[in-house]
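The primary structure of each chain is shown beneath.
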Amino acid sequence: LVRDVNTLTLGIKVFLLRSQTRISLLFRAFTGRQCHVSIKLLDPLTQNIKTISRDFVSFESRSMIDRAHELYSYQENTAFIEICDRGKPCFVSNYLRIRQFFHRYKNGNPSWRKFYRACLVVPIAAYETGGRPQQDTIWGFLAIDNKRGGFDRRASVALAQLFARMYYSVLAEAPVPPRLG
């Protein structure tokens, strides 16, 4: 699997941008709120996370964050811990500020509250027949967030997992580069 956005072909980069923008619009219709979509890469050796792609709407407003937090440990974010360490098939919360108040959510980005209050995160991985991700194939994460919630635990998760499977298939065909820089 690809491990660095710089090795992706222009066609794959365009596909990621366009598909994430469409996913953003779909989830906006589904939740009734403006949603932002990103793909996060998980380096299997360092366990660091890097955002490699965003939807068109959030690309400009969040590119400074991506540069400031280019690489960070997955352990800085509850969503990634839940999926990687606890084997959960997803992380979904419509009330991140309340979770944080009760010490049930952490995020290494100190300005996360400016951008979202709810999120849905699913692993980009091969999935078993029963719909659970295969832990040893986690390539990264599909993250969807907004400022108002509205993520349904069944339908939103199923839809996000469908897209995560698609990304896994597309990225599995991309050239395999060296590790993250």
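Every chain is numbered on its own, with residues counted from 1 as its sequence reads. Local features in this predicted model are restricted to residues of pLDDT 70 or higher, and side-chain atom pairs are both shown and tallied only at a pLDDT of 80 or more, whereas totals for entire chains, interfaces and linings draw on every residue. No hydrogens and no water enter the side-chain calculation; it runs on all heavy atoms of the structure.

Q: Explanation requested: the overall build of the protein in the structure shown.
A: Strands are runs of DSSP state E lasting at least 2 residues, helices are runs of H or I lasting at least 4, and numbering of each runs from the N terminus. For the protein, the count of helices and strands is five helices and six strands. For the protein, the α and β elements follow one another from N to C terminus as α-β-β-α-β-α-β-α-β-β-α. Accessible area is worked out with a 1.4 Å probe on protein chains only. A residue is then buried under 20% of its type maximum, exposed over 50%, and partly exposed in between. Within the protein, the proportion of its 181 residues that are buried is 51%. Whether two residues are in contact is decided by their heavy atoms, any of which lying within 4.5 Å being enough. Considering only residue pairs separated by 6 or more positions, the protein has 64% of its internal contacts joining residues 24 or more positions apart. All accessible areas in this document rest on Shrake-Rupley with a 1.4 Å probe, and a residue is counted as covered only by the protein chains that are shown. In the structure as shown, the protein presents an accessible area of about 9,400 Å², 54% of it carried by carbon and sulfur atoms.

Q: Help me understand the sheet that holds strand 2 (residues 48-54), please; the structure alone is not making it clear to me.
A: Two strands are said to pair when DSSP picks up at least two bridges between them. Spatially, six strands are ordered 3-2-1-6-5-4 in an open sheet, and the strand pairing comes out antiparallel. Both outer strands of the open sheet, strand 3 (72-73) and strand 4 (91-93), are each paired with one neighbouring strand and no more. Packing against the sheet, helix 1 (residues 10-31) makes contact with strand 1 (36-42), strand 2, strand 5 (118-124) and strand 6 (140-146), and its axis sits at approximately 130° to strand 1. Helix axes are fitted to C-alpha atoms over the stretch in contact, other axes to C-alpha atoms as well, and angles between N-to-C directions run from 0 to 180 degrees.

Q: How do you make sense of the packing of helix 1 against helix 5 (residues 155-172) when you look at a structure like this?
A: To describe two helices that pack against each other, one gives the angle between their axes and the distance between the axes. Where helix 1 meets helix 5, the axes come as close as 12 Å, and the angle between the chain directions of the two elements is 175°. As far as their axial angle goes, helix 5 and helix 1 are roughly antiparallel. Here I12, F15, L16, S19, Q20, I23, L26, F27 and F30 of helix 1 lie close against helix 5, whose contacting residues are A155, S156, L159, A160, F163, M166, Y167, V170 and L171. For this classification, the nonpolar set comprises Ala, Val, Leu, Ile, Met, Phe, Trp, Tyr, Cys and Pro, the charged set comprises Asp, Glu, Lys and Arg, and every other residue, Gly included, is treated as polar. Within the contact of helix 1 with helix 5, the residues separate by chemical class into 15 nonpolar, three polar and no charged. Under this scheme an angle from 65 to 115 degrees is roughly perpendicular, one under 35 degrees roughly parallel, and one over 145 degrees roughly antiparallel; angles in between are oblique.

Q: How should I be thinking about a nonpolar patch on the surface in this particular structure?
A: A cluster of nonpolar side chains, namely Y95, I98, F101 and F102, defines an oily patch on the protein surface of about 520 Å² accessible area. Tracing the sequence through the fold places F102 in the loop between helix 4 (96-101) and strand 5. Grouping into patches uses exposed residues only, defined as over 30% relative accessible area, and leaves out salt-bridged ones; the cut-off is 9 Å for like charges and 5 Å for nonpolar side chains (Val, Leu, Ile, Met, Phe, Trp, Tyr). We define a salt bridge as a contact between a side-chain nitrogen of Lys or Arg and a carboxyl oxygen of Asp or Glu at a distance within 4 Å.

Q: Sorry, what's going on with the environment of I144 here?
A: Along the polypeptide, I144 turns up in strand 6. The class for I144 is buried, based on a relative accessible area of 1%. Once residues lying within four places of it in the same chain are set aside, the contact partners of I144 are I23, F27, C35, H36, V37, A118, C119, L120, F151 and A160.

Q: Teacher, can you tell me more about helix 1 here?
A: Helical geometry note: an α-helix holds 3.6 residues per turn, so side chains three or four residues apart project in the same direction. Taking 1.5 Å of rise per residue, the 22 residues of helix 1 would be expected to cover 32 Å, and the 31 Å separating its terminal C-alpha atoms lies within 8% of that figure. What helix 1 keeps buried is the set I12, L16, S19, Q20, T21, I23, S24, F27 and T31. Positioned one or two residues after helix 1, G32 has a phi angle of 80°, which is positive. Expected helix span is computed as 1.5 Å times (number of residues minus one).

Q: How do you make sense of the confidence of the model for the protein when you look at a structure like this?
A: Detailed reading of predicted coordinates is not advised where the pLDDT is low. This prediction gives the protein a mean pLDDT of 87; 89% of its residues lie at or above 70. Element-level pLDDT for the protein is lowest in helix 2 (residues 56-68), with a mean of 73, against a maximum mean of 98 in strand 4. Throughout residues 176-181 the model reports pLDDT below 50, and contacts reaching past four residues in sequence, or to other chains, amount to 17 contacts. pLDDT gives the predictor's per-residue confidence on a scale running from 0 to 100.

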